[in-house]
Amino acid sequence: MPRRPFDRARCDRRDFLRWSLAAAGGLLLPWTNAAAAGRSAARQLEFYNLHTGESLTALYWQQGHYVAGGLSEIDYVLRDFRTGDVHPIDPYLLDLVHSLRLKIEYDGPVHVISGYRSPKTNAMLAQRSGKVAKNSYHVKGMAIDLRLPGRRLEDVRATAMQLAGGGVGFYPESQFVHMDTGPVRAW
């Protein structure tokens with residue numbers, strides 16, 4: 001079933017729940033105990049962009065709603081570092097990364113290799129390497145390539161796969177794991 005784009009301006013809690021259930025193919029993420037009990041627990045993420053050297057700690061969910069300012073800050077730090085283009089990042093992806101950090105018990109910054117990619121950047125990378133999808137979820141703001149310093153890459157991959165929230169790619173030669181909010185699959 002194709003997924004309609006997430007519209008931050010029109011999304012309330014009920015819309016988000018409906019949207020995320022459809023996006024996950026009916027699978028529920030293992031939210032935190034606090035969030036499961038109260039649904040109002042705050043969620044924040046800490047990022048370090050390896051290409052720009054920028055760090056960010058952003059509150060992106062609070063009291064049952066996404067925080068527009070936090071989402072915008074995350075969009076900026078996960079922008080295409082080659083072109084400077086900024087694109088909305090799928091909030092469901094942020095929830096996956098948040099769940100990954102909780103499940104693997106990691107509280108440091110998520111090191112970002114790639115977040116959003118402009119179509120121009122993605123086409124250039126696809127020409128250089130057969131490992132870059134021409135219709136990459138990065139172009140839709142629905143993918144992130146990351147590493148969690150101090151955690152074994154194999155453990156990050158295994159934990160991401162347990163979440164069953166989308167695609168998980170394993171790139172040990174480049175030392176990162178890919179996560180996206182497309183169909184559940186692994187490579």
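The structure this text deals with has already been given above.
As a starting point, this report considers the structure included with it. Per chain, the residues get numbers from 1 upward, laid out in the order the sequence is written. Note on the predicted model: pLDDT of at least 70 is required for a residue's local features to be given, and 80 or more for side-chain atom pairs to be given and counted; whole-chain, interface and lining totals, by contrast, use all residues. Only hydrogens and water are set aside when side-chain values are computed; all heavy atoms of the structure are taken into account.

Note on placement: L96 falls in helix α4 (residues 91-103). The exposure class assigned to L96 is buried, which follows from its relative accessible area of 2%. Taking C-alpha positions, L96 is 8.7 Å from D180, a pair spaced 84 residues apart along the chain. Here a strand is any run of E in DSSP of at least two residues, a helix any run of H or I of at least four, and the numbering for each starts at the N terminus. Each residue's exposure class comes from its accessible area (1.4 Å probe, protein chains only) as a fraction of the maximum for that residue type: buried when under 20%, exposed when over 50%, partly exposed otherwise.

Time to look at unusual backbone geometry. Its identity is not glycine, yet Q63 carries a phi of approximately 50°, on the positive side. The topology assignment puts Q63 in the loop between β2 (55-62) and β3 (65-66). A relative accessible area of 61% places Q63 in the exposed class. Phi angles above zero are rare outside glycine, and Q175 is one such case at about 60°. By secondary structure assignment, the location of Q175 is in the loop between β6 (167-171) and β7 (176-180).

Turning to helix α5 (residues 119-128), its buried residues number three or more, namely T121, N122, L125 and A126. Mapping the buried residues of α5 onto a view down its axis gives an arc of 130°, with all of them on the same face. Away from its buried face, by an angle of more than 90 degrees, α5 presents the exposed residues P119, K120, Q127 and R128. Note that the arc is computed from the directions linking the helix axis to the C-beta atoms.

Here the focus is the sheet that holds β7. At least two DSSP bridges between two strands are needed for those strands to be called paired. Reading across the sheet, the 8 strands line up as β3-β2-β1-β4-β5-β7-β6-β8 and stay open at both edges, with mixed pairing between neighbours. The open sheet terminates on both sides in strands that have one partner only, identified here as β3 and β8 (185-186). Sheet topology places strand β4 (residues 110-114) next to strand β5 (residues 143-147); 3 bridges connect them, and they run antiparallel. The residue bridging S114 from the neighbouring strand is D145, located in β5. Contacts between helix α3 (residues 68-77) and the sheet are confined to β1 (43-49), β2 and β3, with β2 contributing the most and set at about 145° to the helix. We call two residues in contact when some of their heavy atoms are within 4.5 Å. Lines are fitted to the C-alpha atoms to define the axes, a helix being fitted only along its stretch in contact, and any angle between axes, read from their N-to-C directions, falls within 0 to 180 degrees. Together, β5, β6, β7 and β8 form the strand contacts of helix α6 (residues 153-163), whose direction differs from that of β6 by roughly 170°.

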